[in-house]
Amino acid sequence: MASDVTASTQASIKRVYNNNVVLAIETDATEVVLLGKGIGFQRRPGETVDTSLADQRFVAEGPYRAPQLAGLLSDAPADQITLAQTITELGHATLGLEPRQSLMIPVLDHLTFAVRRAQEGTHIDFPLRWEVAQLYPAEAALGCHVVTLVNERLKVQLQEDEWVAFALHFVNQQWTKGDFSKTVAMTETISRVFLRLAERWGTPIDENASSAARFVTHLRYVFARAASGKQLNTSRLDVLTAVRQAYPEAAEAALDIAELIGKAINRVISDDEISYLALHTTRLYAEMKEQQ
C-alpha cells in the first residue's frame, strides 16, 4: 500500500486535482501523489506543500504513472478508496501479501469499474473463471469474500464473476509484481498444462489432489522465476535422466511443460527447472497409476 507520510519533506505542487489530491514534485525530482483531507484546498501549482500533511504518498509504479495515480485517486469516491485499502489489508491477513501500493491501486482501479458496471447494469465475460477456481482456491475464496464485502459496504450488486478479477489481482501480487498480463498468461498456461497431461496419460488429472496442488504451486514458481530471468541454474543433479529411466512418460511430460511455459513468456526453460518439473510430473504420474 502507499506509505504513510511521517517525515517532513517539501514538494512543489504540479497540479491540484481536488481538495484531497495533489500531484507534486519533491526536491529530488520525484513525482508524488499526496492524498489527504484538505491538502489541496485553495492551493495552486508552484506553491510548496509539506508532504507530512498528507495521509498517504504514492509514487509511479508498474503501469501507473504519477498523473494516472492522481486521476484515479481524485475520481474514486472516498468510500471506495477506503474499501480498496481494506481489501489490501485482507490480502495481507488471509494470504500473507504485503499491504503495498502495487496491490491497493489495481484493486481500486478494478473496484471503481466494477461498481460502475453494476450501477449501469453492464455485464462482461470472465473466461478464466473455472481455471482460477481450480488453480488458485485460496485467492478465489478471498475474491468471493471481496465481492460480498463490496456489495455490503457500497450497497451495490456486483456481477458475481467479479471475484475472478479480484482473485487474479491477489495472484498477480504474489508472482508477477504488477504485470497483470503475465498473470493471465500464467493462468492460461497452467490450465493448458493439465489438459496436455490428460492427453498424454489418457486420463484427467484430479486437480483437487494434494500432489496436483503442489504441482500448481511449483508451476507458479517456475513461471515467476523464468519471467523475471531468475531460473534455477546451479544444481549438478541430473534428475531428468533418472526420471527418464523410471518414468519415461513423466520425463517427456516435463519437457513438454517446459516448452509450453517457454512459449508463453518467450524464454528457454533451464535444465534445472525441467529436472524439478520432472520430479513433480513423476509424483503426479505415480499417483494417477495407483488410482487406476
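Just so we're clear, the structure is a prediction, and the values are computed from it rather than from any experiment.

Enquirer: What is the right way to read the overall build of the protein from this model?
Expert: Scanning the protein from terminus to terminus reveals 11 helices and six strands. Each principal axis of the C-alpha atoms in the protein carries an extent, and together these give about 75 × 45 × 30 Å. The buried share among the 292 residues of the protein stands at 51%. Sequence-distant contacts, at least 24 apart, represent 68% of the contacts inside the protein between residues at least 6 apart. Total accessible area computed for the protein in this model is approximately 14400 Å², and 49% of it derives from carbon and sulfur atoms. Of the charged side chains in the protein, 28 are positive and 36 negative; the average position of the first set lies 3 Å away from that of the second.

Enquirer: How do you make sense of the packing of aromatic side chains when you look at a structure like this?
Expert: Given two aromatic rings, one states the distance between the centres and the angle between the planes to describe the pair. The tally for this structure, following the rule as stated, stands at three aromatic pairs. Pairing Trp-201 with Tyr-285 gives two aromatic rings, centres 5.1 Å apart and planes at 65 degrees, and the pair type is edge-to-face. With Trp-201 in helix 7 (residues 180-201) and Tyr-285 in helix 11 (residues 271-291), this pair connects stretches of sequence that are 84 residues apart. Comparing Trp-201 with Tyr-285, the two get one shared label, buried. For the pair Tyr-247 and Tyr-285, a centre-to-centre distance of 6.0 Å together with 75 degrees between the ring planes defines the contact as edge-to-face. Of the two residues, Tyr-247 is situated in the loop between helix 9 (239-246) and helix 10 (248-265) and Tyr-285 in helix 11; the sequence distance between them amounts to 38 residues. Judged by relative accessible area, Tyr-247 falls into the partly exposed class, the value being 31%. Take Tyr-285: its relative accessible area is 8%, and that puts it in the buried class.

Enquirer: Hey, could you run me through the packing of helix 6 (residues 162-175) against helix 8 (residues 210-227) in this one?
Expert: Helix-helix packing: each pair is described by the crossing angle between the helix axes and the interaxial distance. One way to put it is that helix 6 packs onto helix 8 with a least axis distance of 10 Å and a crossing angle of 60 degrees. Considered as vectors, helix 6 and helix 8 are oriented oblique to each other. Each of Val-171, Gln-174 and Trp-175 in helix 6 lies in contact with helix 8, whose residues at this interface are Arg-220, Tyr-221 and Ala-224. Here the contact of helix 6 with helix 8 is composed, by residue class, of four nonpolar, one polar and one charged.

Enquirer: Any chance you could explain helix 6 here in plain terms?
Expert: Since one α-helical turn is 3.6 residues long, residues separated by three or four positions face the same way. Here helix 6 spans 21 Å end to end across 14 residues, near enough to the 20 Å set by a 1.5 Å rise per residue. With 13 of 14 residues buried, helix 6 lies mostly within the body of the structure.

Enquirer: Can you walk me through the pattern of salt bridges in this structure?
Expert: Oppositely charged side chains can pair when the atoms bearing their charge come close. Scanning the model with the defined rule gives 12 salt bridges in all. Note that Arg-117 and Glu-162 form a salt bridge whose closest N and O atoms lie 2.8 Å from each other. Of this pair, Arg-117 sits in helix 3 (residues 101-120) while Glu-162 sits in helix 6, and the two are 45 residues apart along the sequence. The closest approach of N and O atoms between Arg-200 and Asp-256, which form a salt bridge, is 3.1 Å.

Enquirer: Teacher, can you tell me more about helix 7 here?
Expert: The terminal C-alpha atoms of helix 7, which comprises 22 residues, lie 32 Å apart, in line with the 32 Å expected from a rise of 1.5 Å per residue. Among the residues of helix 7, Thr-183, Met-186, Thr-187, Thr-189, Ile-190, Ser-191, Val-193, Phe-194, Leu-197, Ala-198 and Trp-201 are the ones counted as buried. If you follow the buried residues of helix 7, they end up packed against helix 4 (129-135), helix 6, helix 8, helix 10 and helix 11. Of the residues one or two after helix 7, Gly-202 is the one with positive phi, at around 75 degrees.

Enquirer: For this particular structure, what's the right way to read the environment of Lys-155?
Expert: Note that Lys-155 resides in the loop between helix 5 (137-154) and helix 6. Given a relative accessible area of 70%, Lys-155 falls into the exposed group. For the pair Lys-155 and Val-115, spaced 40 residues apart in sequence, the C-alpha separation works out to 9.8 Å. A distance of 3.3 Å separates a polar atom in the side chain of Lys-155 from the backbone oxygen of Glu-152.

Enquirer: Where do I start with the nonpolar core in this structure?
Expert: Buried together is how nonpolar side chains tend to be arranged in soluble globular proteins. One finds Val-33, Leu-73, Val-150, Leu-197 and Phe-215 to be the most contacted residues of the largest nonpolar core, which totals 84 residues. With residues near it in sequence (within four places) discarded, Val-33 still touches Val-21, Val-22, Leu-23, Gln-56, Arg-57, Phe-58, Ala-66, Leu-69, Ala-70 and Leu-73. In terms of nonpolar packing, the next biggest core, distinct from the first, is built from nine residues, Val-22, Val-32, Leu-34 and Ile-39 among them.

Enquirer: When you look at the side chain of Ser-74 in this model, what are you seeing that I'm missing?
Expert: Structurally, the position occupied by Ser-74 is in helix 1 (residues 66-75). In terms of polar contacts, Ser-74 uses its side chain to reach the backbone carbonyl oxygen of Gly-71, at 3.0 Å. In contact with Ser-74, not counting residues within four places along its chain, are Tyr-17, Asn-18 and Val-21.

The rules behind each value
Residues numbered from 1 in each chain as written. Predicted model: local features only at pLDDT ≥ 70, side-chain atom pairs only at ≥ 80, totals over all residues. Heavy atoms only, no water. Helix = DSSP H or I, 4+ residues; strand = E, 2+ residues; numbered from the N terminus. Buried < 20%, exposed > 50% of the residue type's maximum accessible area, 1.4 Å probe, protein only. Contact = heavy atoms within 4.5 Å. Areas by Shrake-Rupley, 256 points an atom, 1.4 Å probe, with all protein chains shown as cover. Lys, Arg positive; Asp, Glu negative; His and termini not counted. Charge placed at Lys NZ, Arg CZ, Asp CG, Glu CD. Phe/Tyr/Trp six-rings, centres within 6.5 Å; stacked < 30°, edge-to-face > 60°. Axes fitted to C-alpha atoms, helices over the stretch in contact; angles between N-to-C directions. Parallel < 35°, antiparallel > 145°, perpendicular 65-115°, else oblique. Nonpolar A, V, L, I, M, F, W, Y, C, P; charged D, E, K, R; others polar. Expected span 1.5 Å × (residues − 1). Salt bridge = Lys/Arg side-chain N within 4 Å of Asp/Glu carboxyl O. Polar contact = N/O pair within 3.5 Å; in protein donor to acceptor, adjacent residues only side chain to side chain. Core = buried A, V, L, I, M, F, W, Y, C linked by side-chain atoms within 4.5 Å.

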